[in-house]
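Remarks on the overall topology
Take a look at the letters that make up each chain.
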Amino acid sequence: MTYPDRIEVLRWLYGRLKPHRFLHTLGVEQLAVQLASRHHLSVEMASSAALLHDCAKNMSVEELLKVCDKAGVDLKRNQDYPQLLHAFAAPIVAQKQFGPLPEELLNAIRFHTTGHAHMTPMEKLIFSADYAEPGREPFPGLMEARDLILQDLNRGTLLILENTVQYLQNKNQNIHFYTLEALQSLRQEIQSEGRDNVQ
Ligand code: DGI
Ligand code: FE
Ligand code: FE
């Protein structure tokens, strides 16, 4: 599988993103690559997905709605969550620039904000790297999450989902149904891992 040339992607992002977002993207890539090699996933795919995950972050809600509508995103179910649209739009924006990309990579960027039920390892990796990247201003729980995703991707992702839900609840924000489904599905996955280990 060939991925877009890294320097070309960086050049494109450098012209699109604000400086702090560009630096965040590099931090996500650094952690994503580290996680991929630790957990035996494709380092190249992790790098590309990390670089592209916020490529639509500079767009206005109007533009994002247009792109998402064209791509068949259910806008009614997402109208209360404008801050999630950049993730759903990212696969279209990235492919417009770089041509067709693998579905596994596209899903990792599509679900990087919310997660969803039955996440693949690459989706968990990008979701977690976005949260725990090294450039983030320290906040309670960050170090613990960073350590845990390096040791155990499932438990680390679960901790991050739980922290995110707690954070949003404290701010009285509605939790997207994808996030709730991700939480429930990963809890079940970890429970069944435990059962398999006992047998
Ligand atoms: O794009 P980033 O800033 O790197 O981070 P992100 O894509 O993970 O999150 C973007 C925003 O979306 C952030 O302010 C948190 C918010 N968010 C994530 N999950 C949910 C959510 N907001 C609501 N209302 N509900 C969610 O489930
Ligand atoms: Fe994002
Ligand atoms: Fe991000």
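Structure: above.
Reading the values: the criteria
Residues numbered from 1 in each chain as written. Chains lettered and ligands numbered in written order. Predicted model: local features only at pLDDT ≥ 70, side-chain atom pairs only at ≥ 80, totals over all residues. Heavy atoms only, no water. Donors = N, O, S within 2.8 Å, 3.2 Å for Na, K, Ca; no water. Helix = DSSP H or I, 4+ residues; strand = E, 2+ residues; numbered from the N terminus. Near = heavy atom within 4 Å. Polar contact = N/O pair within 3.5 Å; in protein donor to acceptor, adjacent residues only side chain to side chain. Areas by Shrake-Rupley, 256 points an atom, 1.4 Å probe, with all protein chains shown as cover. Nonpolar A, V, L, I, M, F, W, Y, C, P; charged D, E, K, R; others polar. Phe/Tyr/Trp six-rings, centres within 6.5 Å; stacked < 30°, edge-to-face > 60°. Buried < 20%, exposed > 50% of the residue type's maximum accessible area, 1.4 Å probe, protein only.

Here we look at the coordination of the iron ion (ligand 3)
Around the iron ion (ligand 3), the donor atoms from the protein are H24 (NE2), H53 (NE2), D54 (OD) and D130 (OD), and they sit 2.2 Å away. Positions of the donor residues of the iron ion (ligand 3) along the chain correspond to the pattern H-x28-H-D-x75-D. Separating the iron ion (ligand 3) from the iron ion (ligand 2) is a distance of 3.6 Å, and D54 supplies a donor atom to each of them. Here H24, found in helix α2 (residues 19-38), pairs with D54, found in the loop between α3 (43-52) and α4 (61-70); they are 30 residues apart in sequence, far enough to count as distant.

Comments concerning the site of ligand 1
Around ligand 1, 18 residues are found, and the nearest of them are R21, K57, T113, N174 and H176. One of the side-chain N or O atoms of Q83 is found 3.2 Å from a nitrogen atom in ligand 1. Separating a nitrogen atom of ligand 1 from a side-chain N or O atom of Q173 is a distance of 3.2 Å. Look at ligand 1: alone it shows 570 Å² of surface, and the protein chains cover 81% of it. In terms of residue class, the shell around ligand 1 is built from 4 nonpolar, 9 polar and 5 charged.

With respect to the packing of aromatic side chains
Tallied over the entire structure, the rule returns 6 aromatic pairs. Where W12 meets F98, the ring centres are 5.1 Å apart and the plane angle is 85°; that geometry is what we call edge-to-face. A residue pair is termed long-range when its members are at least 10 positions apart, and W12 in helix α1 (residues 6-16) and F98 in helix α6 (residues 85-98) qualify at 86 residues. The exposure class assigned to F98 is buried, which follows from its relative accessible area of 18%. Relative to Y178, the ring of F111 lies with its centre 5.6 Å away and its plane at 75°, an arrangement referred to as edge-to-face. Of this pair, F111 sits in the loop between α7 (103-110) and α8 (121-132) while Y178 sits in helix α11 (residues 177-198), placing them 67 residues apart in sequence. A residue is classified by how much of its surface remains accessible, and Y178, at 25% relative accessible area, is partly exposed. Joined through ring pairs, the aromatic side chains of F88, F111, F177 and Y178 make up one cluster.

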